[in-house]
Each structure stands twice: as structure tokens, then as C-alpha cells.
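Reading the structure
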Amino acid sequence: MTTQRDLGQSMLQVIFSFFLGLVVTAFIGIGVNTFYPEPSYSSGSDRDWNTYRLTTSIVLLICATVVMLLSLAITRTGSVLANGALLGGLFTMIYAVGMGISAGQQWPRFLVMAVALVITVAVGWWRFSRRSVAPAPTSSAGGVLPGEADARLAAVEAKLDALGRALRD
């Protein structure tokens, strides 16, 4: 029963983190579009649209970086919120890359993609590779399993040893 409850809680945390990531991305996207609206269709200039897309891509990239750094800063306070913020930063980075790809200017577009790649790799390395491996908890009997599990494992090992001796004879 406890395992099902733990699994259910874990699934809710994953769903919440994912949903938080989507909400963060929507918030940033709507915010950028609110304060930097699209050019009007009447202007008809591809140059205006390309400039808009490139500028929006850069702004989204900056926002994504800030959110990803925030997720690193709050990792120790709560993994669910930190994971949601990290997903929000990643989703916003995807949005920035999409906007950058649609911009027609080659070098600026390439620079936006290069920065997005460097930031994503750096944050991923910092978040996942730098974690130190904590020592396993030990039981009072000196084993690595808590409580009764240590004794049960010892009993299973003894039975397997006896079975192995019986099969060799």
C-alpha cells in the first residue's frame, strides 16, 4: 500500500513539475508578446518580421537562461519546484530556438542557436553531473539496508549459498 502511495505521489510530482514548466513558458511567451508585440501585417516587410523574430528569440533566450539559473538556485529548497522551473526554462529555450530558426538573418540566428546550446549544456552539466554521490544509509547491524530488510537479505543469501552447495554435490 505504501509503495502505491509513494508511486502516486511521485507521479503527481512529475505531472506538477511538467505543468509548472508549461505555465512558466506560457507566462514568459505572453509577457514578451505583451511588451514587444508583433509588427502589423500592413507593413508587409520581411525585414520587420525577421528583426522581430530575432529580437524575440534573444529576449526569450535571456528569459530562459534566467529561469534555468533560478532552477539551479532553488534545487536544494524543493526538487518539484526546481524541476518545474528547469522544464519551464527548457521549454522557453525551445520557443527561443524556434523563433530564432524562423528569423532570416544567418549570423545572428547562428549566434542565438550557439548561445542556446552552450547555456543548455552548461545548465544540464551543472544540474546533473555535479551532484555528489551521497553515501548509502547504514542500518544498526552495519549493512546498507534499513531495518528488517538487512536480516531478510542475509537469510536469502544463506539459502542461495545452501542451494549452491547442494547443486555442486
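Before any of the text, the structure's been laid out above.
Residues numbered from 1 in each chain as written. Predicted model: local features only at pLDDT ≥ 70, side-chain atom pairs only at ≥ 80, totals over all residues. Heavy atoms only, no water.

1. A look at the packing of aromatic side chains
Within a pair of aromatic rings, the relevant descriptors are the distance that separates the centres and the angle that separates the planes. Under the criterion given, the structure shown has five aromatic pairs. Ring plane angle 80° and centroid distance 5.5 Å describe the contact between Phe-18 and Phe-91, whose orientation is recorded as edge-to-face. One end of the pair, Phe-18, is in helix α1 (residues 2-35); the other, Phe-91, is in helix α3 (residues 79-102), and 73 residues separate them in sequence. The exposure class of Phe-18 is partly exposed, given its relative accessible area of 42%. Ring centres of Trp-107 and Phe-110 lie 6.0 Å apart, and the angle between their planes is 85°; on these two criteria the pair is classed as edge-to-face. Placement of both Trp-107 and Phe-110 in helix α4 (residues 106-129) is noted, with a separation of three residues, approximately one turn of the helix. Accessibility expressed as a relative area gives 64% for Trp-107, which makes it exposed. The rings of Tyr-36, Trp-49 and Tyr-52 are connected pair by pair, giving a single aromatic cluster. (Phe/Tyr/Trp six-rings, centres within 6.5 Å; stacked < 30°, edge-to-face > 60°. Helix = DSSP H or I, 4+ residues; strand = E, 2+ residues; numbered from the N terminus. Buried < 20%, exposed > 50% of the residue type's maximum accessible area, 1.4 Å probe, protein only.)

2. Examining the side chain of Asn-50
Its location among the elements puts Asn-50 in helix α2 (residues 46-73). Exposure remark for Asn-50: the relative accessible area of 18% places this residue in the buried category.

3. Here's the deal with the nonpolar core
Membership of the largest hydrophobic core comes to 22 residues, with the highest contact counts inside it found for Ile-28, Leu-60, Leu-61, Met-68, Met-93, Ile-119 and Val-123. Put simply, the parts of the chain that give this core at least two residues each are α1, α2, α3 and α4. Top contributing element to this core by residue count: α2, with nine residues. Setting aside chain neighbours within four positions, we find Met-93 in contact with Leu-61, Ala-64, Thr-65, Met-68, Ala-116, Ile-119 and Thr-120. (Core = buried A, V, L, I, M, F, W, Y, C linked by side-chain atoms within 4.5 Å. Contact = heavy atoms within 4.5 Å.)

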